[in-house]
Amino acid sequence: MAPTVLATAAAVAATHPNAVYSGSLLSLIILILDLIAIVQLLNSERSVMNKLLWCLLIFLCPIVGIVLYYLFAHKENRRLRYVSIP
């Protein structure tokens, strides 16, 4: 059954070259976003263990890792902007 699936995928790629191009373009965009996040992470004031864990998450799960990083990694900065009312 697997050779049929591979043959079908090859036939689709041969008939629709834009399908292969769009996948590689999306992969390139994800790679660039991951590298930007890792550079920001390594330049941050976090502990080494925290940096290592975030880097592992971004490397092992690129899409999920980058989303989680941008959603949850900057909580300290957002918390510092709020001023409590005396």
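The preceding data block contains the structure.
A quick note: this is a predicted structure, and the numbers were derived from the prediction, not measured. All residue numbers here refer to positions counted from 1 along the written sequence of the relevant chain. With the structure being a predicted model, the display of local features is reserved for residues of pLDDT at least 70 and the display and counting of side-chain atom pairs for 80 or more, all residues being used for whole-chain, interface and lining totals. No hydrogens and no water enter the side-chain calculation; it runs on all heavy atoms of the structure.

Caption draft 1: Summary view of helix 3 (residues 48-60). Runs of E in the DSSP output that reach at least two residues are strands. Runs of H or I that reach at least four are helices, and both are numbered from the N terminus. How far a helix is expected to stretch is found by multiplying one less than its residue total by 1.5 Å. Under the 1.5 Å per step criterion, the end-to-end length of helix 3 is 18 Å for 13 residues, consistent within 8% with the ideal 18 Å. Within helix 3, the full set of buried residues consists of Lys51, Trp54, Cys55 and Ile58. Along the long axis of helix 3, the arc covered by the buried residues comes to 100°, so they all point the same way. Among the exposed residues of helix 3, those pointing more than 90 degrees away from its buried face are Met49, Leu53 and Leu60. Type-normalised accessible area, obtained with a 1.4 Å probe on protein chains alone, sets the label of each residue: buried when under 20%, exposed when over 50%, and partly exposed for intermediate values. Regarding the arc, it is the one traced by the directions from the helix axis to the C-beta atoms.

Caption draft 2: Local environment of helix 4 (residues 62-72). Residues of helix 4 that are buried include every one of Gly65, Ile66 and Tyr69, and no others. The buried residues of helix 4 occupy one face: seen down the axis, they fall within an arc of 95°.

In short, the description is geometric, and any link to function would need to be established separately.
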